[in-house]
Amino acid sequence: MRWFAALLMATAVSAGAEDLETETFFEDFVAQRQHVAVLEARYMQRTVTPDEQLTAGGSILYVNPRRILFRYDEPELTYLIDEQRVFEYDADLAQVQIIGLGDNPQTEALFLGFESNLDRLEEAYEVAYFSPGEDECGDHGLRLRPLDPTDAYFEEVWIFLDGEDYVPCNIHVVNEDGSHVLIEISDYQVNVEIDPQETQIWVPEGTSIVPREGPIERAGPEGAWLPEPRYPHTPTQEDAEEGGEAAP
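The structure displayed is predicted, hence computed values, not measured ones. (Residues numbered from 1 in each chain as written. Predicted model: local features only at pLDDT ≥ 70, side-chain atom pairs only at ≥ 80, totals over all residues. Heavy atoms only, no water.)

(A) Representation of the state of the cysteines in the model. Using the criterion set out here, one finds one disulfide in the structure. Shown here is the disulfide that connects Cys137 with Cys169, its sulfur atoms set 2.1 Å apart. Across the S-S bond linking Cys137 and Cys169, the dihedral sits near 95°, which makes this disulfide right-handed. In this pair, Cys137 is assigned in the loop between strand E7 (125-130) and strand E8 (140-146) and Cys169 in strand E10 (residues 168-174), connecting sequence segments 32 residues apart. Judged by its relative accessible area of 23%, Cys137 is partly exposed. (Disulfide = S-S within 2.5 Å. Helix = DSSP H or I, 4+ residues; strand = E, 2+ residues; numbered from the N terminus. Buried < 20%, exposed > 50% of the residue type's maximum accessible area, 1.4 Å probe, protein only.)

What follows is the structure, given as structure tokens:
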């Protein structure tokens, strides 16, 4: 099962001085991430269960604000997370399923450290800073644990961040059933020019489109682009002072 489906279906920090370290890091994190409007990267995912180990690779496209696409190389699967919706496209099944997440702060974890709004994360998670070991990637780390473990997506997740743009290089998801999902992210390109259509999923004619509510539709003769395009936005200083991110 792919890592995102596992998250949807689940899925050594002390007090005192380290609390101050965490607070300082949060301030730096928001400042460093202000200029990241687009990020492209490759990833390799390893899913480890008591019975088997699965490996898959693909590409990531993050567009500020709040859209991220995970495209698997084989089989052809795409997960597009947009605000409170997930578009799951399976080319083999010729189907797009649209899943509503609701206004649940736990969904912030599905952006896996690409968003810069940590306040929203802290509504649902214990967010703690940690320093990666010498044999681990990155210069900084965030550990997330659900404040309410009931129906949580995971037991905990460790996000390893590089020291320049504070973008993830490794992600380690620990699930309650004892399985682990390890995601290695490489070949970063920050703020590259993209066509707005790259922020969408294109499906060919005849593909079933299964909405959250209402009847199933089918893509017409020219196929379909889903959902509406997202135009990258770099937060301005005014946005930062207001404590938010402008809408697309």
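Next comes the rest of the description.
(B) Region of the structure containing the confidence of the model for the protein. For the protein, per-residue confidence averages 82 on the pLDDT scale, and residues scoring 70 or more make up 82% of the total. A low-confidence stretch, residues 1-18 stays under pLDDT 50, and its non-local contacts, those more than four residues away or across chains, total 46 contacts. Overall, residues 236-248 carries pLDDT values under 50, and its contacts beyond four positions in sequence, including any with other chains, amount to 15 contacts. (pLDDT = per-residue confidence, 0-100. Contact = heavy atoms within 4.5 Å.)

(C) Here's a closer look at the side chain of Glu156. Along the chain, Glu156 turns up in strand E9 (residues 156-161). Accessibility expressed as a relative area gives 12% for Glu156, which makes it buried. Of note is the side chain of Glu156, whose polar atom sits 2.7 Å from the side chain of Arg145. Sequence-distant contacts of Glu156, defined by excluding residues within four places in its chain, comprise Arg143, Leu144, Arg145, His172, Val173 and Val174. (Polar contact = N/O pair within 3.5 Å; in protein donor to acceptor, adjacent residues only side chain to side chain.)

(D) Inspection of the packing of aromatic side chains at higher detail. All told, the structure shown has 11 aromatic pairs when counted by the stated rule. On the basis of an interplanar angle of 40° and a centroid distance of 6.2 Å, the ring pair of Phe29 and Tyr166 is categorised as tilted. Pair noted here: Phe29 is in helix H2 (residues 17-33) and Tyr166 is in the loop between E9 and E10, with a separation of 137 residues, a long-range link. When its relative accessible area of 7% is taken as the criterion, Tyr166 is described as buried. Considering the side-chain rings of Tyr43 and Phe70, the 6.0 Å spacing of their centres and the 75° angle between planes classify their relative orientation as edge-to-face. (Phe/Tyr/Trp six-rings, centres within 6.5 Å; stacked < 30°, edge-to-face > 60°.)

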